[in-house]
Structures are given as C-alpha cells and as structure tokens.
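In case you want the letters, here they are:
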Amino acid sequence: MAASAASGKVLPLLAVAAVLAAALLYAAPFSKSLGGEGCSLLPHDHFWIASERVVTLGRVGPAAVEVKGGLINAIAVGDYRSFVLRRPLVDYGDAVIMPGLIDVHAHLDEPGRAEWEGFSTGTRAAAAGGITTLVDMPLNSFPSTVSEETLKLKLDAARDKLYVDVGFWGGLVPENALSPSKLESLLNAGVLGLKSFMCPSGINDFPMTNSTHIEEGLVTLAKYKRPLLIHAERIPDVASDDELDDELDPRSYATYLKSRPATWEESAIRDLKRAMKDTEVGGRSEGAHLHIVHLSDAETTLDLLKDAKQSGARLSIETCPHYLAFSAEEVPDGDTRFKCSPPIRNAANKENLWGALLDGHLDMLSSDHSPSTPDLKLMEEGNFMKAWGGISSLQFVLPVTWSHGKKYGITLNQLVSWWSEKPAELAGQKNKGAILPGYHADIVVWKPEAQFHLDDSHAVYHKHRNISAYLGKELSGHVLSTFVRGNLVFAEGKHAGAACGVTILAKSSSTGYRPPTSVSGGKRRPPASTQTAMATTTASNLTLLLASTLPSRVRLPTRLLRAPRASPLRLSTAAASSGSRTLTSPASSETPEAAEELRLETESALEWGGVCARLADFASTAAGRAACAEGRVPVGRSREESERLLDQTAAAVALLSSLTPLDFGGVGDVSAVIAAAARGRLLAVREICGVGRSLRAARGVFEQLNGLAEEMPDGRYSPLVDILQDCDFLTELVQMIEFCLDSNLSMVLDQASDKLGTIRKERRMNIDVLESLLRDASTKIFQAGGVDSPLVTKRRSRMCVGVKASHKHLVPGGIVLSSSGSGATYFMEPRDAVQLNNTEVKLAGDERAEELAVLGLLTSRIADSRLKIRHLMGKILELDLACARGSYALQINGVRPAFSDRDNSTQLDPSSACSVFIEGIQHPLLLEQFRGIVKESDAEVGNGQLSEEVCVSAMPVPLDMRVKNDTRIVVISGPNTGGKTATMKTLGLASLMSKAGMFFPSKGRPRLPWFDQVLADIGDHQSLENSLSTFSGNISRLRKIVQVVSKDSLVLIDEIGSGTDPSEGVSLSTSILKYLASRLNLAIVTTHYADLSRLKSVDDRFENAAMEFCLETLKPTYRILWGSTGNSNALSIAKSIGFDQKILDRAQEWVEKLLPDKQKERQGLLYDSLRDERNLLESQANEAASVLSDVEGLYNEILSEADDLDNRVAALRAIESQKVQQELKFVKTQMDLIIKNFEVQLQNSKLEQYNSAMRKAEAATASLAASHQPTEFTFSDDENKSSYVPKIGDKVYVEGLGGGSTATVVEILSEDGSCIIQYGKIKARTKNNKMKLAQRDAKETSASSVQRKGRTAKRSPAEATQGASISFAPAVQTSKNTVDLRGLRVAEASHELQMAIDGCRSYQVLFIVHGMGTGAVKECALGILRSHPRVAKIEDESPLNYGCTVAYIE
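To keep things clear, this report deals only with the structure shown in the data block. Every chain's residues receive numbers from 1 upward, in the order its sequence appears when written. Local features in this predicted model are restricted to residues of pLDDT 70 or higher, and side-chain atom pairs are both shown and tallied only at a pLDDT of 80 or more, whereas totals for entire chains, interfaces and linings draw on every residue. In computing side-chain properties, one takes all heavy atoms of the structure into account and sets aside hydrogens as well as water.

## Re the overall build of the chain
Argument step 1. Numbering of helices and strands runs from the N terminus, with a helix taken as a DSSP run of H or I at least four residues long and a strand as a DSSP run of E at least two residues long. Per the secondary structure count, the chain includes 43 helices and 46 strands.
Argument step 2. By the convention used here, residues are in contact when the closest approach between their heavy atoms is within 4.5 Å. Taking the intrachain contacts of the chain between residues at least 6 apart in sequence as the baseline, contacts between residues at least 24 apart amount to 73%.

Given below as structure tokens:
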C-alpha cells in the first residue's frame, strides 16, 4: 500500500517535470546556438525541425522532421510535440518547410573565369536562395568540360568552395560526338549527362553541333541512361522575311528580339525530329533522354514538343523564371541586364508559358544563371547586339517564381514538383528532391507571405550584384534557413563558416566527399553515403508515398515514418508495413510488423532471393522477369493454394518435356499504358498498338495451350488451361484497334472513320493539283532563266517555288515566304497557289483533329476495359511464372513434393510415419553453383587450363531428412563446418519452394508439412547502432519468434543460447524449446550444448541428430546421423587447419581434466559400436528396400496389365477389325481402279499391245497383293547356331511373337544357350535358335556405318530387306509417296527429285517413276539417289515395278 501511495505521488511529479522540460525546450531561443566555424550553424548532428506547414507526402500540414547523420531519419505527421522531447527541436512556427531547390542549369564559370562568378560566391548565393543542389553547365568556364581531363580541372577548382552540393554536365561537341570512346571516358568520369548547342554558343572551345552529332551522342548516352540537354536554337536554312536593317537602333530591345525570332527555336525542334524518334521504345537510342533547356517560344515550338511527347519520345522541357516574370514590352531600351538567349518574348507568350507549366506540358524550372563581368554587359553603352547575354538570378528564383505565380494560383506542391522532384529525376539523384525517410536532409525554410524590396540594402551574394535584372523589384518569399545534408548552411543572413558541400558524380562514390567527424565547436562534415546505399534506402521508402492518398482536409493522426531497414527483397511490402505504424497504439501492430520483419529476414537468411533470381532466367515475359527479380514470386497462403501452384508446375513440366513451350512473344508490359489511359492521357498510336498486340498474343497463348490440351485427353495440362479459362480476351477491342491502326507504320488508317477517309482523299487530290500547278510554274521559271533547275519546295508549311531574286517578276502577284541565306534565291508562293495552300493547311489540321478523335476513342475503350486487361495480364503473368517453375524444375532435376499430415500414417507406406521424409535433397543454389563450376572447368580443360580451385570443388552432398510425426523439436549437434546450418537452410528453402509451387532436387517423392510461416534465427545480429550484442541480437530475434509462432510454423534456430555463460545459455535454451514444443509444427535447432541433446530422454517431442565427422581424415562428411548425438570435434578441426600442436596438446590435457574418468573412452567405444551397427542395419535395409522395390514394381506392372483385361481385349479387337475393314475397302478401290484402267487400255489398244497391258495389270495386282501380305519369319537352327551370337541390347525377332515385332536382349544365360528378352513390360526366357537378329546397338555398328558413308547400295539383298522391314515405312506405293519424272527434261527431273527427297519425312519410302525411254532421266535419277545423304538404300526396278526405282529415305 505504501509503495502504491508513493507511486501515486511520484507520477504526477514526473508529468509536471516533463511538461516543464518541454516548455523550456520549445521556449529556448535556438538562434543563440548558431555558430559559424564549421560546416553547420547548428552544433548538432541529430535534431528535429518542425512547422505547421511541412510539404511532404503530397500534402501540406503540421509535422516534425528528424535529421540524423545528414539524412532524414523520421517524419512525425500531426501532433508531433510528444515525440521529440529527447532531441533538440527547431520550431519554425508557420514558416514553410519543403525540399531544397535543385537547379539543373547554372553557369558557375570556374575555372578560368572566376571573375564572372565562381564556386564560392555562386553556391553562397544558392544557399541564400534556398537552393541545395546545383548542376554546373560545361561552358563559360575555361576550359569547357568536354573531356575527363577538363572535368578533373573543374573538380580541383571546386574543392573547399562549395556551400551546397554541385554536380556537373559534360559537353557534347563535334570533337567527341562521333567518338564513343571519348564520350564514354567523360561519362565514366562522372558527369550526370551532356549538354550541346545547336547554334553558336559564344564560347570558342564549345562549338555548336548538328543533328547528326546529337543522334550519335544519344546512342552512347542510351547505354548510361543519362540525359542530353539541348540549347534548342538553330539558324534556319533561309532567313526571315524581315531582314535586319543596319540602321536599326542596337539599344532597342525590339532590335535584339527581331535578331533571334521564335523560328530559331522551331527550326531546332524540327531538326531534332529524328533524334526524338530514336529515344522511343524500340528506337535506336532507347534509354536515352532529351531535355530542352530554357524554352522561350510557347507557340509552334511548344506544339512540336507536345506532339513528340505524345508520340512516345523520352523528352522533358524546362523554362526559366525570367520568361515567366518579364515580357518584351516592359524591357527598357538600353537595359542589357535583360538580354538572354533565347530572348524574353511578348506578354501573350508569357501567359502561354504559364498555361503550359500549369497544364504539365513544361516539366520543370531552372535559373539559367549566366553572369559575367559588368563591363561585358555594356550597361552604359546599352548595346543589346554586342552585350553578353545571360540573367543573373541564382539567389532570387524562389521568390520570383512564387511572386509571379500567385496570381495563377500555384501551390506549394507544384513548387516542389518544378524545383525539386523533377530536377532530381533529371539529374539521377534518387535520394534528393523530397522530404522522406532515408533522403538527404536538403531542406529550405521560408515565409511565402514575407514581402521585400530588392534594393541596395538587400544582401546579395552574387559576384556582381548590379547586373541582375531583378534589382528594384518587389518580391514575396523570404528564405529563413537552408539545410544541406543536415548542415545548416544559411540562416538569418549568415552562412556557415566552412564550405562543406559535396561534388556529385554519377558513380559509386562522390568526389570531394568528407567522412563524418565528432561534433565539436560546430565543425561537422557530411555523412558517408554511397550511391548503392542511396538506391536501397530510396527504393525502400517508395511506398511511404501511399500516405499522400489520404484526404488532405481530414486531420491525420500522428504518425512516425521511419526509413525501414528491411532486405531489398519485397521492398514494397516491407515499406508498406513499416509505414503504417502508429505510435499511439504500438501494441496493436507490433505482432504483424514483427511477423513481416521476420519473414523478410528469414528469406534473406535462406537466400530466397537467389532462387527467385534464378527463376527469372526462365521467365518469358518482361513482367515475369521483373516479378522474379523483385521477389514477387507467388507463395501459397494456404495449403490448397500451394497445391494448386504445384499442379501448375507439374503441368508445365509435362508440357516442356514434350518440347512444345508456349510462345509468349508479343506479350508486353502494358501496365503503364493502361494507367496512363485511366488517368485520361491520350495514348499514342504506338502505345495503343502495343495493347492490341499484347491482347492478341495473350489469346494466341491460350489457343496454343488449348490445342495442346485437346491432343492430350488425360487432362495433364488442365491446371495451366484453368489459369486462362475464364479470361476475357477483348476480341472486339483488338479488332477495333487493328481496323483503325497500322502497327507496322504506326499510323491511323483511312478506314478508321468515314470523315478521315474523306479528308485524306480530298487532301491527296488537292496536293496533286497544287504540285501540278507548282511544277508547271517552276518549269516556266526555269525556261525563262529564273532558276538553275526547277525547284518546288515547302517553306512555313506552304508549298512554293524557287526563283532568283533578280527574276522575282516571273511570279507576278506571288508572296515571298523566305529567302536563301545569301539572299540570292526567293521562295515564292504563286498567286494561284494561295487558295490551294490554304486548303492544304486546313485539311492537314482537319486530318490531325480526326486522327486525335480516333485515338481518343480507342484510348477511352482501353480505359473502360482496364480492369479486364489488368486481370488478363495478371493471368498471363501467372502462366509465365508457372512455366518458369517448370523449366527450373527440369534444370535442377527437381521432383514434386507432397504435403504430409501427421495423423494419416499407414503401415503400407513407411514414410507416412514421418512428417518430414526427404531423401537425397541437395541445396538448389549450391547445386547450381557446382554445375557452373563444372561447366567452367570443362571450358578450361578444353583450353588446356584448370585452376586448382575448380579441381577441389565437389558436388553438394545429398541429405536424408526423416522427422517422425510426434517430433516437434530436432536438436542437431556436431562439429563446426560440419553442415548443421546448411542442413537447416536446405530444409527451410525446401519449405518455401514447396509453398511457392516449386520442385526441388531430391529422390523419390519427398514429403513435408505445409508451414504457414518459416521463421529463422540464423547469423549474427549484433548492432552497434541499436546497442545490441551478439547474444542480445539473437535473444531479441527469439522473442519476436515466440510472439508470432503458430501451430503450423517451422522455426530454424542456429546455435541457440550461444554468446553467453554456458549454464545460463543452456537453461534459457531449454526453457525456450520447451515453450515452443507445444506451439509449433516443427523446430530445427543447432547447438554445441550436450545438455540440450539429453532432452530427448525426458520428452518424446524432442529428437536428436548429429553431423558425421570422420576421425581418420579429420573432416566432416556432411551426412546426418538421425537419433545420434555429435561432438564438436573442435580440437580435431583445429589440427586439420594447421594449429600449433603444442597448444592443442595443452588443450587436450584440460579436456581430460574436465571429463570424468574413462568417460571419453566409453563414449568412443559406444560410438564405434553404434556406428558399426548402424552401417550393418543400413546395408540390410538398403538390400531389403531394393528387393521390395523390385517386387512392388513387378506387382504393379502385372496389376496394370491385368486391370480390365477383357475390356481391353475387346477394344483391341474392335480396333483391329476396323483397320481390316479399312484395308479391305482400300484394296477393293485399288483393284477397281486396276480393272478400269485395264478395260480402258483394251478398248484403246491394238492387238499387239494386249500382252503388254496384261502384264502391267498383273504386275499392279501382284504388287497390291504383296503389300498386304503379313510378314512372317522362318528360323533355321543351323543358321542361327553358326551365325548369331546374342548380345545385351540386341533387337531380335522371336518365334511366336508375331511378324515384324521385335524384343530386346536384356540378359544372357550362358549355361544353356538361352537369354532373357523383354517385349514391352514382359520379360521372357528363350533359346538362341528361336531368335533372329533385327538390329544391333549403334556402338557395335559404328565402324560399318563409317564404311557406308558413300550411301551406295552395297549391302546384300537380305540386309536391305531386313533394314527396310525394321526401320522404314511399308513399301506401298501411293500418290503421296510417288514422284513421276516421265516427260520431264533432265534438269527439271533433277529439281523435282531433289524437292521430293527434301520433302520426305524420316524413314519413309519414295517411289521414283522415271520410265524406260532413252534412259537419260533414269541415269540422272539414279545418280542423285546414289549420292544423296538422306538416301539409305535403293531398290532397282523389278517385274512388279517397271520403270520405277524405290528409295528408302533416312
């Protein structure tokens, strides 16, 4: 009672103390802790920042972000204050916390032109503007970054000068564009992508490229999956109509705008048409990515880019804040601060740019920060035509974008997309661009509502503040703090004392990277982070975005989102479970989370991912390979589901064994296309055709499978047929797509709609008239000397003719569309062609509109059918994975497991007394590894080399596993490296494979229970981060296992109780195992504790097993001794690896002192006697099992033969009777034909031809009769005694067995001159003189076959007759096996005969009718037959076959 009262007093006091601590922490003025000596203004490596407006998970709301070691460790969404008391907290009130900006287009100008900007001033300005990552352009520095060597110069120049992270683009210039080796060297050095100019860049060592350079560069970039950035301005082939007048005022902005019209951008995009096409799926540069920088023209150029995107090109577009903030009308004359390339265009264009950005046609924003020295800007002279172009803007892009975007209603989430997410994706930075666990802590804190005037009093950190066009402007959006990798680099107008930004390179590590040091005096370096680790963490957090689907107006409960530490296998599941953890009720979700965590760790320990990866090699579809690679192999959630998967695998094995694999060709992964259609995006022709192709291919797979199933009425393929049985193959949709679209040409067909057909017909007619008119006009101009040759071309989308400027009068009333670069040639539209051109433009627009209508209709149909398509593709994936399991089973010689029931044991099946009965199982991954080594060794032997490592590799030892029905715990003891853990892993992996419907390599018919869970504690779980020792880690894992274990679980525990005092370890292990014995199906435990092996004597639920160790060789044999207890043999193993013998002798003395007297000797004698007895029993058991197997086999054969014998006899008689009737009918038909032919010849022949006709009729009748005579063989004792000595394997005729039927000699009994022959399943004994040789094994006759290489008929007639009757079809002439050469020339006859032989199936008889004649055709035919490699032998013409030769075809 007293204790209770004390507790009642203490708890309120603690609560008050906690509240006071929280109040003090939140009230503490954090600014007082700002330092300035190190990388961060905060002296903390682990802290929280919070605000009422945090942009994360697709929403804006109250949250706290935990920063630890430079990464975002957790996010508490909602009422976060109760979770961050343990760490320092920076509470920013209602300021916005969002991901730091990523600027992918900035010129920092160092080395070589540091007086323009430089890394130090540029990154300081970036940090002050909320930018946390820059990507530096390859030009404006000197030298330009176009090679590996120049990149190293840039890296050296950046050292110790970066306040934010900086990556680098490389340059694509004519020097390296056509040299893949140079480009690969630059890419391998670490540039994030390449940049090129399609017009003069203004930098001498960075010349412009043409479309050929770009197309070739894309091919190399495709291998690296990196982007190519394009400055898309190109001087058109013909100049604009409005020639620049030398008298125009160079101070006028209109003059400069006129010098770089929008047609420059349009011309560049048109020139890139083929390059963009190459980036599409199946294109020459598939995998590459085109990025158009600083788009200015929002009219024709943007339309062309939108069309390219719709067609499937991998394309992204950026624009810049100055195009969204300024218009040409407001640029003062002479104010060269506004000069940039492309130029700022009119107000209408600015509005269109905003519309395109908000509609998603523009992907991102960048600064295009391009400073110079003030004198280069010619600010006093004000000459736009000579001043350096470029707007200095790095520090102001965030407030500029927000200030001018407010009137368009932009949101914070849109800002994050334009300035963080999309740029991170372009630069390949998967761990930047969002506030998510595991991402870099790159964060900007700012107040959107705060307004300021950018005057002389405002701090500007650019090298030259006076050259920025934004000076003097009123802006909204004040940056408070900027964090880069957790370092507070800018706050309250102050920068950190040290520049600790990181250079980002596209490879495994970052140059310029500094390892973390202890936090002392504010000096802290960025955390270690390799690209591989980043990718894993990022992938693990992807499913955290599921939180964004919650309604934004509903108040969310507090959640803590942490970066999961699960295995990369099945990342989505792990992340989803970890992401759903609610702090307010941890007990409710701990068990399922623990089960999921244990499942992932178990699969990792058992190397389930390796099996899935191996299975991926056998998948036929891209979706199947991806599912296997990601570990999404279906695993049965119930015994019935696993049985169904096993049935599918068995059917696949039968299908593949018949060498008829299913054809999945044409089945593509259309999931992304279906999703796009569901979102309302108009699909391109190529995408719609891909859907139709996949649907048709799916139906083809089903029809092929159905046809194979109908050929096998036993239903062996039914489990595979059932997968697709009830699927809707959307035949009408496929027919509609094929009716409307041409998949080969990727175009909409005329027949797609009546209107489209009419428009195209009118357009063709109009084009014909227009071209005819222009050809006539051009011819007249040519004849009048107005052009060197007739020229009809197209300018500005209008057809025109070429004419010399001096002969312009030859086209009266014509319109000049453009001129050549020299101005000597005009391209004019004749007056009569104006209306025709107008009609062409109108019809082209109508055609495009109608095509879009057709595509819209098809897209709508696909969207409406999305559920059916996804269901069908899911079933195709299921079928593909079933076939992959079948192929894998054949590869490893796997057998189908059966699931056992503990309560269904029978005396007839001894294995039924065991819940686990597996003979000769081999670990599949070890088996694959061994086969790979053997294959490698075979190759090395062929080359005359064989490594020592290959020589010592051995086949995995087959393991026998027998666990009785009443056993719950198996304790395995034995030596280290003896195979205990491998045995445990093999059983665990076999359990997972059987659940997933996979066969595994073993003998017989393995049986094991269906386990709902496989839980493993294998390996060392020491964790310094979580303060866990080896023992603590193992016990922590066991605690989770005890929590989630069920009656149907399999538990695998390696070295239970190790890592602590042996007595306590044994006690704890005994208690755990006793507890588990009544709560699971089976547990396999390994140990070195002898006391655990003694549990069997007091508890029948325990069983012992030992790993055998050979005392003679001092090596383990890897065999399991069931029911035995093993020794650790530590001293023997130490001796075998060469340990100091003196130390071992001393250890042996201690062992003898610790063991009771004579215990070791008695133990050894007992062990030897038990082993000898076991060997004897094993030998006897094997012999008995062999006899039993033979008897059972014979019994089953006799039983199957005798089963329903009467019905089988009746059925066979009926079949034979039917065959006889058919044969009689055929003979009667042939005889009627012979008689009819004979009567016709009598009527038409003369008297002297009567005998010839009679002979032919008799010959035909005799041939027909001979072909239907039963074959009988006579046996001569004298002949066989002298000529035939039987050998095992001989094919022989046996007297009384039936003509033509052969048996095989299987055993020779020398005592009485007889042998055992086998005919089908029947074995019988017969004497040698009752047999005649039919065929001898190929090995015996190989020598003779070599001698017969010439294929001439040199064998005796008896041999020929014998061979024909044995191997070839009956020699019965029909119309199908006869080739008639009569009446043909020799060349024609030769061709016909060659074709006939090539068309023959194997072992067929061919009748060649060549007639008598002059003999030329006959000689040609015989020559071909004697030399042809497929002709085994020939029979010359006989009295029954005048003018006909018979050939036997192999």
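Having seen the model, we can carry on.
## Re the sheet that holds strand β14 (residues 315-319)
Argument step 1. Reading across the sheet, the six strands line up as β9-β10-β11-β13-β14-β15 and stay open at both edges, with parallel pairing between neighbours. On the outer flanks of this sheet lie β9 (170-171) and β15 (364-365), each paired with one strand and no other.
Argument step 2. The strands touched by helix α6 (residues 211-224) are β10 (194-197), β11 (227-231) and β13 (289-292); relative to β11, the strand with the most contacts, the crossing angle is about 155 degrees. Here, any two strands with at least 2 DSSP bridges between them count as paired. To obtain an axis, a line is fitted to C-alpha atoms, over the contacting stretch when the element is a helix, and the angle between two such axes runs from 0 to 180 degrees between their N-to-C directions.

## Describing the packing of helix α22 (residues 685-711) against helix α24 (residues 731-740)
Argument step 1. Relative to each other, α22 and α24 sit at 135 degrees, their axes nearing to 9 Å. Compared by their axis directions, α22 and α24 come out oblique. Handedness of the crossing formed by α22 with α24: left-handed. Facing α22, whose interface residues are Ile-688, Cys-689, Gly-692, Leu-695, Arg-696 and Arg-699, α24 presents Thr-731, Leu-733, Val-734, Ile-737 and Glu-738.
Argument step 2. Gly falls in the polar group here, along with every residue not listed as nonpolar (Ala, Val, Leu, Ile, Met, Phe, Trp, Tyr, Cys, Pro) or charged (Asp, Glu, Lys, Arg). Considering only residue class, the contact of α22 with α24 consists of six nonpolar, two polar and three charged. Angles are sorted into four bins: roughly parallel if under 35 degrees, roughly antiparallel if over 145, roughly perpendicular if 65 to 115, and oblique for all others. Two helices that cross are described as forming a left-handed crossing if the nearer one is turned anticlockwise from the farther one by less than a right angle, and a right-handed crossing if clockwise.

## Details of the pairing of strand β2 (residues 59-68)
Argument step 1. Relative accessibility thresholds used throughout: buried, under 20% of the residue-type maximum; exposed, over 50%; partly exposed, between the two (1.4 Å probe, protein chains only). The buried count for β2 comes to eight of ten residues, which makes it a mostly enclosed element.
Argument step 2. Relative to β2, strand β1 (residues 46-56) runs antiparallel, the two sharing nine bridges. Bridging from a neighbouring strand, Val-55 pairs with Val-60 of β2.
Argument step 3. Connecting the antiparallel pair β1 and β2 is a turn made up of two residues, with Leu-57 showing a positive phi of about 55 degrees.
Argument step 4. As paired strands, β2 and strand β3 (residues 71-77) are joined by six bridges and run antiparallel to one another. The partner of Ala-64 across the bridge, within β3, is Ala-76.
Argument step 5. If you look at the hairpin formed by β2 and β3, you'll find two residues sitting between the two strands, and Gly-69 has a positive phi there, around 60 degrees.

## Focus on the pattern of salt bridges
Argument step 1. By convention in these notes, a salt bridge is any Lys or Arg side-chain nitrogen within 4 Å of a carboxyl oxygen on Asp or Glu. Counted under the stated rule, the structure contains 56 salt bridges.
Argument step 2. In this structure, the salt-bridge partner of Lys-154 is Asp-136, at a minimum N-O distance of 2.8 Å. Linking Lys-154 in helix α3 (residues 148-158) with Asp-136 in strand β7 (residues 131-136), this pair joins segments that are 18 residues apart in sequence. In terms of burial, Lys-154 and Asp-136 fall into one category: buried.
Argument step 3. Of the charged contacts in the structure, one is a salt bridge between Asp-647 and Arg-896, with a shortest N-O distance of 2.6 Å. Residue Asp-647 is found in helix α20 (residues 639-657), and its partner Arg-896 is found in the loop between α27 (866-891) and β28 (898-899); the two are separated by 249 residues along the sequence.
Argument step 4. Relative accessible area serves as the criterion here: at 31%, Asp-647 is assigned to the partly exposed category.

## Describing the packing of α22 against α27
Argument step 1. Where α22 contacts α27, the two axes come as close as 11 Å, and the packing angle between them is 50 degrees. Put simply, α22 runs oblique to α27. For the pair α22 and α27, the crossing hand works out as left-handed. Where α22 approaches α27, its residues Val-691, Ser-694, Leu-695, Ala-698, Val-701 and Leu-705 are matched on the opposing element by Ile-869, Leu-872, Met-873, Ile-876 and Leu-879.
Argument step 2. By residue class, the composition of the contact of α22 with α27 is ten nonpolar, one polar and no charged.

## With respect to the state of the cysteines
Argument step 1. The disulfide criterion used throughout: a pair of cysteine sulfur atoms within 2.5 Å. By the definition in use, this model includes one disulfide.
Argument step 2. Disulfide partner of Cys-39: Cys-500, at an S-S distance of 1.8 Å. Given an S-S torsion of about -65 degrees, the disulfide between Cys-39 and Cys-500 has left-handed geometry. You can see Cys-39 sitting in the loop between α1 (2-27) and β1 and its partner Cys-500 sitting in the loop between β19 (494-495) and β20 (503-504), a full 461 residues away along the chain.

## Here we look at the sheet that holds strand β30 (residues 959-964)
Argument step 1. As summarised here, the arrangement of the four strands in space is β28-β32-β29-β30, forming an open sheet in which the pairing is mixed. Here the strands that pair on one side only, and so sit at the sheet edges, are β28 and β30.
Argument step 2. As paired strands, strand β29 (residues 914-921) and β30 are joined by five bridges and run antiparallel to one another. Counterpart to Ile-921 in the pairing with β30 is Leu-959.

## Observations concerning the side chain of Ser-403
Argument step 1. Secondary-structure assignment places Ser-403 in helix α13 (residues 397-405).
Argument step 2. A distance of 2.6 Å separates a polar atom in the side chain of Ser-403 from the backbone nitrogen of Ser-476.
Argument step 3. Not counting residues up to four positions away in its chain, the partners in contact with Ser-403 are Leu-475 and Ser-476. We define a polar contact as two N or O atoms separated by no more than 3.5 Å, with the added condition that, inside protein, one atom must be a possible hydrogen donor and the other a possible acceptor, whereas residues neighbouring each other in sequence contribute only through side-chain atom pairs.

## What about unusual backbone geometry?
Argument step 1. Residue Pro-143 follows Phe-142 across a cis peptide bond; omega there is 0 degrees.
Argument step 2. Tracing the chain through its elements places Pro-143 in the loop between β7 and α3.
Argument step 3. Going from Ser-341 to Pro-342, the amide bond is cis rather than trans, its omega being 0 degrees.
Argument step 4. Not every positive phi belongs to a glycine, and Asp-109 is a case in point at roughly 70 degrees.
Argument step 5. If you trace the backbone, Asp-109 turns up in the loop between β6 (101-106) and α2 (119-128).

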